[in-house]
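# Observations on chain architecture
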Amino acid sequence: METIFTTDHEGHADTFELIDGQMLPGFEMPRRAQIVIDRVRAVALGPISAPEPLGGAEAAKRVHAPAYVDFLATIHDRWRAHYGDRQALAFTFPCRNLHQKVPESLAGQLGYYAFDAGAPIVAGTFKAAVAAVDTALTGTQRIEGGATSVFSLCRPPGHHATADQAGGYCYLNNAAIAAETFARAGRRVAILDVDYHHGNGTQAIFYDRPDVLVVSLHGHPLDEYPYFAGYEDERGAGAGEGFNLNLPMRWGAAWDRYAEALETGCRRIAAFGADVLVVSLGLDTYKEDPISHFRLEHQDYLRMGERIAALRLPTHFVMEGGYAVEALGINTVNVLTAFQGA
Ligand code: SP5
Ligand code: ZN
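An account of the accompanying structure is given in this report. (Residues numbered from 1 in each chain as written. Chains lettered and ligands numbered in written order. Predicted model: local features only at pLDDT ≥ 70, side-chain atom pairs only at ≥ 80, totals over all residues. Heavy atoms only, no water.)

### Details of the packing of aromatic side chains
Using the criterion set out here, one finds twelve aromatic pairs in the structure. Ring centres of Tyr112 and Tyr113 lie 4.9 Å apart, and the angle between their planes is 90°; this geometry places the pair in the edge-to-face category. By relative accessible area, which is 8% here, Tyr113 ends up buried. Aromatic pair Tyr169 and Tyr323: ring centres 5.3 Å apart, planes at 65°, arrangement edge-to-face. With Tyr169 in the loop between β5 (149-152) and α6 (174-184) and Tyr323 in the loop between β10 (315-319) and α10 (325-341), this residue pair connects regions lying 154 residues apart in the sequence. A relative accessible area of 10% places Tyr169 in the buried class. Residue classification places Tyr323 among the buried residues on the basis of a relative accessible area of 7%. An aromatic cluster of three or more residues is present, and its members are Tyr68, Phe71, Tyr112 and Tyr113. Geometry around Phe272 places Arg188 over its ring, the cationic atom sitting 3.9 Å from the centre. (Phe/Tyr/Trp six-rings, centres within 6.5 Å; stacked < 30°, edge-to-face > 60°. Buried < 20%, exposed > 50% of the residue type's maximum accessible area, 1.4 Å probe, protein only. Helix = DSSP H or I, 4+ residues; strand = E, 2+ residues; numbered from the N terminus. Lys NZ or Arg CZ within 6 Å of the ring centre and 35° of its normal.)

Following this line, the structure appears as structure tokens:
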């Protein structure tokens, strides 16, 4: 399996996040991608290629509001002129009963274009986010060219980003952009999101559409971030009703419980008649993940890769979360090697 990867992610670094009431170094750090690419090399998964320059900033507008992408492109320059070279971060949001209007203030715009304080913007963030989109677009091209699988090692991740909001370490929704690109090429696309957190951005982007099926396995919103999305009764809207499937699990889920949900999700994808699959590949379901509460083990990721392979679909793996950094390479590449070997 070919891996698409660039070191352009490295400028999105030294972020801080508000977690449990404290400002801590960001869990979503450059070393995550480094350890995954090291493992790809160590097991000789396949060739590693740089992304093609496919105009990710413009292509992102296939699923994102143009004004949001332009905001991301310019906010850190504008912020730096006022506050110096430190991260730009939202802290006030247009919540219930407040005006839904774009302010002129930089802090106000940060809040307008975010749903939480989990997506800090540093000088290198936009370049990294666009490189991740180019990575996912290059992976998409490989599948369009006839590859049966590809791994887009995107960083920053994307599945929490909505059409016009950053959040949860995500800015541009790499998997949604890949899926939309497939859909515009006439393919019947399913997205399987196995990140521990509900992919609220991906869900929102495709919620009213019947042509892209979204299936997400995740920590139950009663327990877990993003808290305000991911319930089973969110099934899609209008023409999209029935084309969104949420499979939430309470804290503590191990492989037995997880495998049942994965089976349900895979059967739905088969029934949908997908002809291409995008996997939002988050590994934060691992038992030692520092911010998560599932109990998957190294070998469970082999079973996950085998079950996905049994769908017999061209499959585009797009990197999402996973914060047990030392184990992240093993867990990620276990899914891919088992898929490839199946
Ligand atoms: C892409 C992705 O995986 N984003 C995840 C963003 C999660 N942000 C909020 C995490 C809240 C964790 N709270 C538990 C802290 C453990 N002490
Ligand atoms: Zn996650």
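### Here we look at the site of ligand 1
Taken together, 15 residues lie near ligand 1, and Asp20, Gly168, His197, Asp284 and Tyr323 sit nearest. In this structure, His160 approaches ligand 1 through a side-chain N or O atom, which is 3.3 Å from a nitrogen atom. Burial of ligand 1 by the protein amounts to 81% of the accessible area it has alone, namely 510 Å². Among the residues making up the shell around ligand 1, the classes are represented as seven nonpolar, five polar and three charged. (Near = heavy atom within 4 Å. Polar contact = N/O pair within 3.5 Å; in protein donor to acceptor, adjacent residues only side chain to side chain. Areas by Shrake-Rupley, 256 points an atom, 1.4 Å probe, with all protein chains shown as cover. Nonpolar A, V, L, I, M, F, W, Y, C, P; charged D, E, K, R; others polar.)

### With respect to the sheet that holds strand β6 (residues 189-193)
The strand order β4-β1-β5-β10-β9-β6-β7-β8 describes an open sheet built from eight strands, whose pairing is parallel. Bordering the open sheet on either side are β4 (48-49) and β8 (244-249), each of which pairs with just one other strand. Relative to β5, strand β1 (residues 2-4) is paired through three bridges, and the arrangement is parallel. Each bridged residue has a counterpart across the sheet, and for Ile4 the counterpart in β5 is Ser152. The sheet strands contacting α6 are β6, β7 (212-219), β9 (276-281) and β10, and the helix crosses β9 at an angle near 175°. (Pairing = 2+ DSSP bridges. Contact = heavy atoms within 4.5 Å. Axes fitted to C-alpha atoms, helices over the stretch in contact; angles between N-to-C directions.)

### Regarding helix α5 (residues 125-144)
Counting along an α-helix, one turn takes 3.6 residues, and residues three or four places apart therefore face a common direction. Taking 1.5 Å as the rise per residue, α5 with 20 residues should run 28 Å; its terminal C-alpha atoms sit 29 Å apart, in good agreement. Burial within α5 is extensive, with 16 of its 20 residues counted as buried. Looking one or two residues past α5, Gly146 carries a phi angle of roughly 115°, positive in sign. (Expected span 1.5 Å × (residues − 1).)

### A word on the coordination of the zinc ion (ligand 2)
Around the zinc ion (ligand 2), the protein supplies Asp195 (OD), Asp195 (OD), His197 (ND1) and Asp284 (OD) as donor atoms, at distances of 1.9 to 2.8 Å. Mapped onto the polypeptide sequence, the residues donating to the zinc ion (ligand 2) form the spacing pattern D-x1-H-x86-D. By relative accessible area, His197 is classed as buried at 6%. (Donors = N, O, S within 2.8 Å, 3.2 Å for Na, K, Ca; no water.)

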